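As a plain string of letters, each chain reads:
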Number of protein chains: 2
Amino acid sequence: MTKEASSSPSNLAQKPNPYEPHPSDFVSNVGNFQLIDSTLREGEQFANAFFSHEKKIEIAKALDSFGVDYIELTSPVASEQSRKDCEAICKLGLKAKILTHIRCHMDDARVAVETGVDGVDVVIGTSKFLMEHSHGKDMNYIAKSAVEVIEFVKSKGIEIRFSSEDSFRSNLVDLLNIYKTVDKIGVNRIGIADTVGCANPRQVYELVRTLNNVVSCDIECHFHDDTGCAIPNAYCALEAGAKLIDVCVLGIGERNGIVPLGGLMARMIVAAPEYVKSKYKLHKLRDLELLVADAVEVNIPFNNPITGFCAFTHKAGIHAKAILANPSTYEILDPHDFGMKRYIHFANRLTGWNAIKARVDQLNLNLTDAEIKEVTNKIKEMGDIRPLSIDDVDSIIKKFHADVTTPKLKSKRGEITLTTEDDLDLTSTQGPDTKRSKH
Amino acid sequence: MTKEASSSPSNLAQKPNPYEPHPSDFVSNVGNFQLIDSTLREGEQFANAFFSHEKKIEIAKALDSFGVDYIELTSPVASEQSRKDCEAICKLGLKAKILTHIRCHMDDARVAVETGVDGVDVVIGTSKFLMEHSHGKDMNYIAKSAVEVIEFVKSKGIEIRFSSEDSFRSNLVDLLNIYKTVDKIGVNRIGIADTVGCANPRQVYELVRTLNNVVSCDIECHFHDDTGCAIPNAYCALEAGAKLIDVCVLGIGERNGIVPLGGLMARMIVAAPEYVKSKYKLHKLRDLELLVADAVEVNIPFNNPITGFCAFTHKAGIHAKAILANPSTYEILDPHDFGMKRYIHFANRLTGWNAIKARVDQLNLNLTDAEIKEVTNKIKEMGDIRPLSIDDVDSIIKKFHADVTTPKLKSKRGEITLTTEDDLDLTSTQGPDTKRSKH
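Residues numbered from 1 in each chain as written. Chains lettered and ligands numbered in written order. Predicted model: local features only at pLDDT ≥ 70, side-chain atom pairs only at ≥ 80, totals over all residues. Heavy atoms only, no water.

**Things to note about the overall build of chain A**
Helix and strand counts for chain A stand at 15 helices and 10 strands. The burial tally for chain A puts 64% of its 439 residues in the buried class. Counting contacts in chain A only where the partners sit at least 6 residues apart, residues at least 24 apart contribute 72% of the total. Roughly 15,600 Å² of accessible area belongs to chain A as shown, and the carbon and sulfur atoms make up 49% of that amount. (Helix = DSSP H or I, 4+ residues; strand = E, 2+ residues; numbered from the N terminus. Buried < 20%, exposed > 50% of the residue type's maximum accessible area, 1.4 Å probe, protein only. Contact = heavy atoms within 4.5 Å. Areas by Shrake-Rupley, 256 points an atom, 1.4 Å probe, with all protein chains shown as cover.)

**A few points about the interface of chain B and chain A**
On the chain A side, the residues contacting the 98 residues of chain B number 98 residues. Taken together, the two surfaces of chain B and chain A that pack against each other cover about 8,700 Å², and 55% of this comes from carbon and sulfur. Linking chain B with chain A are 4 salt bridges. For the salt bridge of R202(A) with E239(B), the shortest nitrogen-to-oxygen distance reads 3.1 Å. Taken together, the links from chain B to chain A amount to 34 residue pairs in polar contact (both at pLDDT 80 or more). Its residues assigned to classes, the side of chain B that touches chain A shows 42 nonpolar, 28 polar and 28 charged. (Buried area = accessible area lost by both parts, 1.4 Å probe. Salt bridge = Lys/Arg side-chain N within 4 Å of Asp/Glu carboxyl O. Polar contact = N/O pair within 3.5 Å; in protein donor to acceptor, adjacent residues only side chain to side chain. Nonpolar A, V, L, I, M, F, W, Y, C, P; charged D, E, K, R; others polar.)

**Some remarks on the UniProt feature "domain: Pyruvate carboxyltransferase" (unreviewed entry) in chain A**
In the numbering adopted here, UniProt assigns the feature "domain: Pyruvate carboxyltransferase" (unreviewed entry) to residues 33-286 of chain A. For residues 33-286 of chain A, helix accounts for 44% and strand for 18%, while the C-alpha atoms at its two ends are 22 Å apart. (UniProt positions renumbered as here; feature names shortened; annotations may be inferred.)

**Comments concerning the side chain of S167(B)**
Counting through the fold element by element, S167(B) comes out in the loop between strand 5 (159-165) and helix 6 (172-184). The residues contacting S167(B), other than those within four sequence positions of it, are L175(B), Y179(B), I192(B) and A193(B).

**With respect to the sheet that holds strand 5 of chain B**
Residue and element names in this part refer to chain B. With parallel pairing, the 8 strands of this closed barrel are ordered in space as 1-2-3-4-5-6-7-8. Neighbouring strand axes in the sheet, compared pairwise and without regard to direction, differ in orientation by 25 degrees on average. In terms of strand pairing, strand 1 (residues 34-37) meets strand 8 (residues 244-247) through 4 bridges, oriented parallel. When the sheet's bridge partners are listed, I36 is paired in strand 8 with D246. Packing of helix 5 (residues 139-155) onto the sheet brings it into contact with strand 4 (119-125) and strand 5, and relative to strand 5 it is tilted by some 160 degrees. Sheet strands touched by helix 6: strand 5 and strand 6 (189-194). Its angle to strand 5, the strand with the most contacts, is close to 175 degrees. (Pairing = 2+ DSSP bridges. Axes fitted to C-alpha atoms, helices over the stretch in contact; angles between N-to-C directions.)

**Considering the relation of the copies chain B and chain A**
Turning chain B through 180 degrees and shifting it by 0.0 Å along the axis lays it on chain A, with an RMSD of 0.1 Å. These values place the two chain copies in the arrangement generated by a two-fold rotation axis. Within chain B, the C-alpha atom positioned nearest to the axis of rotation is that of P301(B), 2.3 Å from it. In this assembly the copies share their binding face: 100% of the residues contributing to the interface of chain B also contribute to that of chain A. (Least-squares fit on C-alpha atoms with pLDDT ≥ 70 in both.)

**Description of the nonpolar core**
Ranked by internal contacts, the top residues of the largest apolar core, which has 229 residues, are I71(A), F162(A), M265(A), I71(B), F162(B) and M265(B). Excluding its chain neighbours within four sequence positions, the residues that come into contact with I71(A) are D37(A), L40(A), A60(A), L63(A), D64(A), L94(A), A96(A), K97(A), I98(A) and L99(A). (Core = buried A, V, L, I, M, F, W, Y, C linked by side-chain atoms within 4.5 Å.)

**Quick notes on the packing of aromatic side chains**
All names here are of chain A. For the structure shown, the criterion picks out 14 aromatic pairs over all chains. Between the aromatic rings of F33 and Y280, the centroid separation amounts to 6.1 Å while the plane-to-plane angle is 25 degrees, which identifies the pairing as stacked. Taken together, the positions of F33 in the segment before strand 1 (34-37) and Y280 in the loop between helix 10 (273-279) and helix 11 (285-295) put the pair 247 residues apart, joining distant regions of the chain. Pair check on accessibility: F33 and Y280 agree, each one buried. Relative accessible area serves as the criterion here: at 2%, Y280 is assigned to the buried category. (Phe/Tyr/Trp six-rings, centres within 6.5 Å; stacked < 30°, edge-to-face > 60°.)

**Describing the pattern of salt bridges**
Residue and element names in this part refer to chain A. The tally for this structure, following the rule as stated, stands at 53 salt bridges over all chains. When the shortest N-O distance is used, the salt bridge between D166 and R169 registers 2.9 Å. Looking at D166, the relative accessible area reads 1%, which means it is buried. Put simply, E220 and R189 hold a salt bridge, and the shortest N to O gap is 3.0 Å. Note that E220 is positioned in strand 7 (residues 218-223) and R189 in strand 6 (residues 189-194), a separation of 31 residues in sequence. The same class applies to E220 as to R189, namely buried. One salt-bridge network, held together by shared partners, links K97, D121, E159, R161, R189 and E220.

**Regarding the pairing of strand 1 of chain B**
As paired elements, strand 1 of chain B and strand 2 (residues 70-73) of chain B share 2 bridges and run parallel to each other. Note on strand 2 of chain B: the bridge partner recorded for I36(B) is Y70(B).

**What about the sheet that holds strand 8 (residues 244-247) of chain A?**
Residues and elements named next belong to chain A. What the 8 strands build is a closed barrel, ordered 1-2-3-4-5-6-7-8; its pairing is parallel. Going from strand to strand, the sheet's axes swing by 25 degrees on average, the running direction of each strand aside. As defined by bridge partners, strand 3 (residues 97-103) adjoins strand 4 (residues 119-125) across 5 bridges and the pair is classed as parallel. Bridged to I102 within strand 4 is V122.

**A closer look at the packing of helix 1 (residues 53-66) of chain A against helix 11 of chain A**
Residues and elements named next belong to chain A. Closest axis-to-axis distance for the helix 1/helix 11 pair is 10 Å, and the angle between their directions is 160 degrees. Comparing the axis directions of helix 1 and helix 11 gives the class roughly antiparallel. Here helix 1 runs over helix 11; the crossing is left-handed. Seen from helix 1, the contacting residues are K55, E58, I59, A62, L63 and F66; seen from helix 11, they are L285, L288, L291, V292 and A295. The residue makeup of the contact of helix 1 with helix 11, split by class, is 9 nonpolar, no polar and 2 charged. (Parallel < 35°, antiparallel > 145°, perpendicular 65-115°, else oblique. Left-handed = near helix turned anticlockwise from the far one by under 90°.)

**Comments concerning helix 5 (residues 139-155) of chain A**
Residue and element names in this part refer to chain A. Spanning 17 residues, helix 5 covers 24 Å between terminal C-alpha atoms, matching the ideal 24 Å at 1.5 Å per step. Restricting attention to buried positions, one finds in helix 5 the residues M139, I142, S145, A146, V149, I150, F152 and V153. Along the axis of helix 5, the buried positions cluster into a sector of 165 degrees, meaning they face one direction only. Turned more than 90 degrees away from the buried face of helix 5, the exposed residues are N140, K144 and S155. Where helix 5 is buried, its residues meet helix 3 (106-112), strand 4, helix 4 (128-133), strand 5 (159-165) and helix 6 (172-184). The N-cap of helix 5, judged by a side-chain oxygen 3.3 Å from the amide nitrogen of N140 a few residues on, is D138. (Expected span 1.5 Å × (residues − 1). Arc of directions from axis to C-beta.)

Right under this line is the structure:
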């Protein structure tokens, strides 16, 4: 758990990079983390998910190709097909290590170790709620089962993780006791899980920092997103010394899901750009998200980090002006890192003359600054009346240009009427992609 | 800025509520915050936004009815119609205070104070990037303009906020100097803005905590969501003593937007349930989101906090079992607080016999636990083969029930074939709402 902060500066930021791990965070793994993708386990618990055998294989290959470190699969005891899927994915020879996720019980463990997985993730509820209403066992029973399962799995020569469930509503002393016990007998990782999505970032930092002083094994974290904190909770856990983060493509999982792979990449590339860019194939993110979105029949959310249709669209005049001078003014992410493009939205009433000037240049027309300001006012007036398409704006600019460059019409400058615009296609108004359709 | 933490316990948590502000956070405003809704300003900068005059009025009324404290509007100098919209909304007599958002310049201020607003929000870029590439002014110039504009607006008897832009990439000493200056001359609020979405929660906490020691006025925060941290950044800012948070319905704004109103409500109801429930009309959230989603032609994201179609859907067998015993086991939010419903997804291969038992009870059938376990296995087998609808499962249960309760068929128990299921409607498989359609 040593700090390996990216020392190379981002091309988006000053030197030294102000977003890299803070020197005081000597335990930080922000520049040295690993991903456990759980799209084929937690993601299978998403309401819309039904993955066929072939689809699971396709998703596993795509995850491996993106570069995730681990792929976690549904328990082989969930159903007969779940077991077959697990065995088949183990035989694919992927670079990513394959894990399966089971209850902390020997019945499950005996089946899991025969599937060919590289490791087993066991979990048991440790909150008062879960001890009372789910399995009905006390901490002594939990510790006893944990030791039995861990020693059995270790005897098979594969990795073993022990996780509590609903860790943030569990008794801290109970948690520290059980983690200390399993650490002593050589578990590879301990996991903490915000199963209900209640944790907040500073609380996460404190718990992980405390745990980090108690155990010597790696710490894995699993955060649900019910209250919108999953990504920053993951970030703060890494700051406090956690090493592995559970993610799903688009965050799909129980309820509204867990840490989304893409959103975490957005967070981490800001903090550790060289590490993230060298380790993960970021250009494959969009296709990976489309593959999973298609499989579970959802759209990419309009506001999705990185791949949402407007993630790199700049609209206000003041923003557009500065972005044209230097993209770093209003962008912390570079769209090109993800194979995406920047878009300046100039066809609206908030537009400014710098954005229009850029468009005039793109159209290869010649207008003075005074003329561009004049045509910008025309565009803003029209933008007050109705949504504008790029074609609308181009027509206004071209007509204006024709007027000011044709001697006989020069007296009419500033009196352009737009009688033909009503027939223009307005569907291209809204930027680089269509609205209300699958991206 | 005194702490007014909710002292009443949540019905979802133990007493005392473990999610309320930590006693060490004596500066915390987690239980005493205000909302500045910027759907009609920041939201108008969203790529898809074109709000007609009538739509702006409708949205302003809906925001007021929800209970936001302030409504921020586009600058009256953006366009002629923007000025008219602003004047009209000021005349509605809403409970919410009306603000407009302008550049830190007397030309804008003179127009703004004549619109009838209750306050003016001024902003100027203070980062190296913006000073160089946007307005080209230095800190002395910024301070001079700020003082002139603030004293002018104050002389008109209305509220004035001064905000830096891109605060997290600005020089800390410059920031503290300018904030100290404007605080001294009686600004009502200072604002800090993560304009590019680069800030992380602990960084936010530290900056706000520092600022809180320097100024005596209220602190307002504006967080973009490019790296998925907007909601928790807002939360940590409140923990550190900020008082007001800028939000938009669905978070719409430049690029992928800012703190979403609904997501922040999810976060805050966990921390300060009585404050949030008494102050905001949470049952109106869904309609408010649908109104804005419709206006800007986007779908509610599938994973939206609270109103996403699966936000309260439980699927895995182990989750369903515990939820049936006590919803708090796997829910930190109570769907009924928002006029929503819980849904147990039992028609899939991950189902457990407790979920099926609950369904058998709903169908008013009588089966022993052993029989329920037997029919659960039938359902899991079928769930391995294809997605199941509720009708599928009900048919399996009913046929099984008929077999075990009809004497002549008793010997056939466990050998049910499902020849008729292929014709069943599968569209209702996926829970409480349709998929890939507008919610």
